[in-house]
Amino acid sequence: MKWVFKPAGAVPWPVRNQDAFFPVHNLYCVGRNYKDHAREMGGDPDRGTPFFFQKPADALLAPGESLQYPAGTSDLQHEVELVVALGKSGYNIQEANAENLIFGYGSGVDLTRRDQQSKEYKSGRPWFRGKVFSGSAALSEIVPKMDCPDVKDMEIKLEVNEDLRQRTNCSDLIWSVPEIISFLSQDIPLAAGDLIYTGTPSGVGKLVQGDIVKANLNSLVSLSFKVT
Ligand code: MN
């Protein structure tokens, strides 16, 4: 095939202990997937239907990069999340088969302009400016599934300047990883290279310039960045 110009292609992401890169395709995010966070946002913590939003892959903040404090906010907030990396494609996936799509996991931070998101929420508009800006999806290296424990034995935590802000066991997810994959894949074919940010527990909070943010997935992998 001939292109009128060279296509952008996938965003390359490091994989722990491998020299081959994971090719990032789409980024999906789950809203309110821990009861304590749903309550802290003034929402209903009961299990309704999961809801999703997206960030473009160009919003990823690579390991080792600093986050430039974004314009248009005075309330930049952190949300630590378990990130699922898909290694296979699928459409209309049954929960029982969802596990087969998973390549691995990472530790991520869904960065949010909370003041913008609140405005959008109140006006009934999409969470675009609230959720999408350069560097708004931080992600560690990806750890292949075979090197990870079960999701029920995973813990994610986030520290700001070595102060613990968020910590949860991933067994507390309202919607499990297979349920999320199954739900999403009813609407849109999922592709190898897709990333799913699975939602944040309580303890979301403000970041300011100079903060050092560290997010861990067990002792498996961590990511750290400075807000500049
Ligand atoms: Mn989030």
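Only a predicted model underlies this, so the values are computations on that prediction, with no experimental measurement involved. (Residues numbered from 1 in each chain as written. Predicted model: local features only at pLDDT ≥ 70, side-chain atom pairs only at ≥ 80, totals over all residues. Heavy atoms only, no water.)

A.B. asks: For this particular structure, what's the right way to read helix α3 (residues 114–123)?
C.D. replies: Structural remark: α-helix, 3.6 residues per turn; residues separated by three or four positions point the same way. Among the residues of α3, R114, Q116, Q117 and E120 are the ones counted as buried. Angularly, the buried residues of α3 cover 155° about the axis, an arc narrow enough to put them on a single face. Every exposed residue of α3 that faces more than 90 degrees away from the buried side is listed here: K119 and K122. Of the surrounding elements, those touching the buried residues of α3 are β6 (76–78), β9 (112–113) and α4 (128–131). Phi turns positive one or two residues past the end of α3, at G124, with a value near 75°. (Buried < 20%, exposed > 50% of the residue type's maximum accessible area, 1.4 Å probe, protein only. Helix = DSSP H or I, 4+ residues; strand = E, 2+ residues; numbered from the N terminus. Arc of directions from axis to C-beta. Contact = heavy atoms within 4.5 Å.)

A.B. asks: What am I meant to see in the sheet that holds β6 here?
C.D. replies: Strand pairing in a sheet relies on backbone hydrogen bonds. The paired strands run either parallel or antiparallel. An order of β9-β6-β15 is seen for the three strands of this open sheet, with the pairing classed as antiparallel. The open sheet has two free edges, formed respectively by β9 and β15 (205–206), since each of these has just one partner strand. Direction of pairing for β6 relative to β15: antiparallel, over a ladder of two bridges. Counterpart to Q77 in the pairing with β15 is K206. (Pairing = 2+ DSSP bridges.)

A.B. asks: Before we go on, may I ask you to explain the pattern of salt bridges in this structure?
C.D. replies: Counted according to the given criterion, the structure contains eight salt bridges. The shortest N-O distance in the salt bridge between K55 and D110 comes to 2.7 Å. Of this pair, K55 sits in strand β4 (residues 51–55) while D110 is found in strand β8 (residues 102–110), placing the two residues 55 residues apart along the sequence. Judged by relative accessible area, K55 falls into the buried class, the value being 3%. Given the relative accessible area of 1%, D110 is considered buried. As a salt-bridge pair, K157 and E159 come within 3.8 Å of each other at their nearest N and O atoms. Overall, the relative accessible area of 21% leaves K157 in the partly exposed class. The structure contains a network of salt bridges with shared partners spanning K55, E79, D110, R114 and K131. (Salt bridge = Lys/Arg side-chain N within 4 Å of Asp/Glu carboxyl O.)

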